[in-house]
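Listed here are the chains, written in short residue letters.
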Amino acid sequence: MPELPEVETVRVGLETHLVGRVITSVDVAHPRAVRRHAGGEPDLVGRLTGKAVTGVRRRGKYLWIDVSDATDRAALVVHLGMSGQMLIARGGAPDHTHLRVRALLDDENELRFVDQRTFGGWHLDDYTVDAYAPAGMPAADVPVSVAHIATDPFDPAFDVERVVNRMRAKHSEIKRVLLDQTVISGVGNIYADEALWRARLHGARIAETISRKKLRELIEAVTVVMAEALKVGGTSFDALYVNVNGQSGYFERSLNAYGRAGELCRRCGAIMRRESFMNRSSFYCPRCQRRPSDVESRG
DNA sequence: CAGAGATCCTGCAAGC
DNA sequence: TGCTTGCAGGATCTCT
């Protein structure tokens, strides 16, 4: 599933292929892919057509393509959801099975949005002032629909102490807090489990009961885990096909927690467990990552 | 208002 | 063999 490292890999690829290009036409193959665009499909197509790409940016798992013409500028906001892919294909190449949106470019290539499970989509948005811009730095702009998303650990404006403060204010399980994109962005189920394992924290621990020091360790773990994934994700990048969906080394990545139920903890040798949580799976080591009740009983 | 849980969606895999 | 059921999960909506 695309989390920050996968989305960043896509962003870099899109930047290479799209900046300077003009979108000559847009075709929506599945209306659900543009459901978040307020003005509806015709508005999206009309406003996007003829615009040039000036940049590709990202915050957390949100990606946006800056587009403009002589009189109008906007952000084409892209969320990959669970299975979204942004592909650059030769014009006229056979359609992909789950093609949702196609944008023709002025270099005879096509930008394609392919998404099996249709949780992702495109919408065109205006900009607003970035509330996360640090004082003294020029106030960057962000798409209105991304303004509520917190910075991610790779953002120059990322502020560890601010995140620790927000976590400490939460009477909620720490894994839920890690997945809350308004606290820290970019983390999904897989890297949440990896970071919790690395920081030796059980996901059910209540955030406000965890020490500031431990929360800093957790944020550091998130950063390291995602940085390592990004390193791998960036290597097998095909020149023509911008592939998101994990194929770029995703499964070759060595995971220490996610998917390892029944296997031995690589740190202590205990048998890893799987639990259901928030309608999804959580993987952890019962010895390294003590359940809240165990922690409390020890004082 | 904050937190918890349901919901959307499709393809694959497991089980009867 | 063929059907049903469960599972995967990011973001948003609804309910408490």
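Residues numbered from 1 in each chain as written. Chains lettered and ligands numbered in written order. Predicted model: local features only at pLDDT ≥ 70, side-chain atom pairs only at ≥ 80, totals over all residues. Heavy atoms only, no water.

1. With respect to the protein's contact with DNA strand B
DNA strand B sits among R32, H98, Q116, R117, T118, F119, K170, H171, S172, R176 and N279. Backbone atoms, meaning sugar and phosphate, form 55% of the atoms of DNA strand B found within 4 Å of the protein. R32 places a polar side-chain atom, nitrogen or oxygen, 3.4 Å from a phosphate oxygen of DNA strand B. Residue H171 places a main-chain N or O atom 3.2 Å away from a phosphate oxygen belonging to DNA strand B. The class makeup of the residues in the surface near DNA strand B is one nonpolar, six polar and four charged. (Near = heavy atom within 4 Å. Polar contact = N/O pair within 3.5 Å; in protein donor to acceptor, adjacent residues only side chain to side chain. Nonpolar A, V, L, I, M, F, W, Y, C, P; charged D, E, K, R; others polar.)

2. Quick notes on the sheet that holds strand 6 (residues 99-105)
Taken together, the four strands give an open sheet; going across it, the order is 1-6-7-5, and neighbouring strands pair in antiparallel fashion. Looking at which strands have only one partner, the edges of the open sheet turn out to be strand 1 (23-28) and strand 5 (84-90). Geometrically, the sheet is characterised by an average inter-axis angle of 20° between neighbouring strands, direction not taken into account. Where strand 5 lies against strand 7 (residues 109-115), seven bridges are found, and the strand directions are antiparallel. The residue of strand 7 that forms the bridge with L87 is R112. (Pairing = 2+ DSSP bridges. Helix = DSSP H or I, 4+ residues; strand = E, 2+ residues; numbered from the N terminus. Axes fitted to C-alpha atoms, helices over the stretch in contact; angles between N-to-C directions.)

3. Here's the deal with the domain arrangement of chain A
Once the domains are mapped, chain A shows domain 1 (4-129) and domain 2 (151-297). For domain 1 versus domain 2, the separation of C-alpha centres amounts to 29 Å. (Domains from an automatic or database assignment.)

4. Overview of the pairing of strand 2 (residues 52-59)
Two strands pair when backbone bridges link them, and strand 2 and strand 3 (residues 62-68) are joined in this way by seven bridges, in the antiparallel orientation. What sits directly across from R58, in strand 3, is L63.

5. With respect to the protein's contact with DNA strand C
Close to DNA strand C lie 16 residues, the nearest being H79, M82, R117, Y258 and S281. Across the atoms of DNA strand C situated within 4 Å of the protein, the share located in sugar and phosphate is 62%. Between DNA strand C and R36, the relevant distance is 2.8 Å, taken from a phosphate oxygen to a side-chain nitrogen or oxygen of the residue. At a separation of 3.2 Å, a phosphate oxygen of DNA strand C approaches a polar side-chain atom of N189. Looking at the surface near DNA strand C, its residues break down into five nonpolar, six polar and five charged.

6. Some thoughts on the pairing of strand 7
The buried fraction of strand 7 is high, at seven of seven residues. Residue alternation in strand 7 divides its side chains into two sets, N109, L111, F113 and D115 and E110, R112 and V114, and both sets are buried. Between strand 6 and strand 7, which pair antiparallel in sequence order, lie three residues; one of them, E108, sits at a positive phi of approximately 75°. (Buried < 20%, exposed > 50% of the residue type's maximum accessible area, 1.4 Å probe, protein only.)

7. Considerations on the environment of W122
Examined against the element boundaries, W122 turns out to sit in strand 8 (residues 121-125). For W122, a relative accessible area of 1% gives the class buried.

8. Description of the environment of L218
Looking at the secondary structure, you find L218 in helix 6 (residues 212-233). For L218, the residues in contact, after removing those within four places along its chain, are I174, L178, A195, L196, A199 and L201. (Contact = heavy atoms within 4.5 Å.)

9. Looking at unusual backbone geometry
Although it is not a glycine, T118 sits at a positive phi angle of roughly 55°. Here T118 lies in the loop between strand 7 and strand 8. Of note, the phi angle at N279 is positive, near 65°, even though the residue is not glycine. Relative to the assigned elements, N279 resides in the loop between strand 11 (273-277) and strand 12 (280-284).

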